[in-house]
Amino acid sequence: MDQFVNQIRVFIENNQDWAGPVTAVLTMAESLVIVGLFVPATALLLITGGLVGSGTLDGASILVWGMAGAIVGDALSYWLGRGVGPKVLRRWPLSQHRTAVARARLFFSRYGFASVLAGRFMGPIRSTIPTVAGVMGMGHARFQTANVLSAALWMPVMLAPGYLTMRNMDDIGAASQIGMLVGTGISVVLGVWLLFMVMRKRRVAVPTRRTRR
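Presented here is a report on the structure given in the accompanying data block. Just so you know, these numbers come straight off a predicted model, no measurement behind them.

What counts and how
Residues numbered from 1 in each chain as written. Predicted model: local features only at pLDDT ≥ 70, side-chain atom pairs only at ≥ 80, totals over all residues. Heavy atoms only, no water. Helix = DSSP H or I, 4+ residues; strand = E, 2+ residues; numbered from the N terminus. Expected span 1.5 Å × (residues − 1). Buried < 20%, exposed > 50% of the residue type's maximum accessible area, 1.4 Å probe, protein only. Contact = heavy atoms within 4.5 Å. Patch = residues over 30% accessible without salt bridge, like charges linked within 9 Å, V, L, I, M, F, W, Y side chains within 5 Å. Areas by Shrake-Rupley, 256 points an atom, 1.4 Å probe, with all protein chains shown as cover. Salt bridge = Lys/Arg side-chain N within 4 Å of Asp/Glu carboxyl O. Lys, Arg positive; Asp, Glu negative; His and termini not counted. Charge placed at Lys NZ, Arg CZ, Asp CG, Glu CD. Axes fitted to C-alpha atoms, helices over the stretch in contact; angles between N-to-C directions. Parallel < 35°, antiparallel > 145°, perpendicular 65-115°, else oblique. Left-handed = near helix turned anticlockwise from the far one by under 90°. Nonpolar A, V, L, I, M, F, W, Y, C, P; charged D, E, K, R; others polar.

1. Some details on helix α2 (residues 19-31)
Owing to its 3.6 residues per turn, the α-helix aligns residues three or four sequence positions apart on the same side.
Step number 1: For α2, built from 13 residues, the straight-helix expectation of 18 Å at 1.5 Å per residue is met to within 8% by its first-to-last C-alpha distance of 18 Å.
Step number 2: In terms of burial, α2 is a largely internal element, ten of the 13 residues being buried.
Step number 3: Those residues of α2 lying buried are Ala-19, Gly-20, Val-22, Thr-23, Ala-24, Leu-26, Thr-27, Ala-29, Glu-30 and Ser-31.
Step number 4: Structurally, α2 contributes buried residues whose contacts are with α1 (2-14), α3 (41-53), α4 (59-84) and α9 (140-166).

2. With respect to a positive patch on the surface
Step number 1: A cluster of basic residues, Lys-87, Arg-90, Arg-91 and Arg-105, forms a positive patch at the surface.
Step number 2: Summarising the element assignment, Arg-105 is placed in helix α6 (residues 98-111).

3. Some thoughts on the packing of α1 against α3
Step number 1: Between α1 and α3, whose axes approach to 10 Å, the crossing angle comes to 30°. With respect to α3, the element α1 is oriented roughly parallel. Relative to α3, the crossing made by α1 is right-handed. Listed contacts from α3 to Phe-4, Val-5, Ile-8, Arg-9, Ile-12 and Glu-13 of α1 are Ala-43, Leu-44, Ile-47, Thr-48 and Leu-51.
Step number 2: When its residues are assigned to classes, the contact of α1 with α3 shows eight nonpolar, one polar and two charged.

4. Describing unusual backbone geometry
Step number 1: Phi is positive for Ile-34, close to 70°, though the residue is something other than glycine.
Step number 2: Mapped onto the elements, Ile-34 comes out in the loop between α2 and α3.
Step number 3: We classify Ile-34 as buried; its relative accessible area is 11%.

This is the structure in C-alpha cells:
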C-alpha cells in the first residue's frame, strides 16, 4: 500500500496537469460503497495537501476536482441502494461487512439528513451511508443537498493537515491562510456537533408530543 501511495505521489508531481483528475478518481473511489474501504485516499489527500502548500499544485483546482469526485461517488452509492433495494445489503460484498452496515443503518435511522452530512467524516461507515440512504428511501433532493454540503466541507479538511505542514509559518501571508483554515476546521466540527444536538432533540421531542395527544 505504501508503494502504491508513493507511485501516485510521484505521478502527480511529474504530471501536474493530471493532478486534478487523479484526485477526483481517488475521492470518487473512496466514496463508493465497499470500494472506499480499500482506497488509501486519506494518505493521498494529505500528500496532495502538502503539494498545494508547497505551491506545486493549484489549490482551487484540486478542491474543485476533489469535491466533484466525492459527490459523484456518494451519488453512485446512493443510486445503487435506491435501485437495488434492501437486498443489496444482504448480498456479497456487503454481506461480508455486516457490522459496518448495521452501524450505518442505525446511524441513518437516528439522524437522517445529518447522517449523510456527517457520515463522510466517519471512516468505518463513510462509504456505506449513501447506499443505506438509498435503500431506506431518502428523497433524492435531500440526499444530494447533504452530499454536496458534506463534500464542500470534507475536501478542505482533508487537505488542510498536509497544506499546513508545508507552509512557512514565518510568512505573514501563510499565517493568515493557516488561521483561516484552522478557523474553518473548528467551524466544521462545531457545526456538525450542533447539528447532531438539534437532530437529537427533535427525535426525542416527537414521541413526547404524540404521547400528550
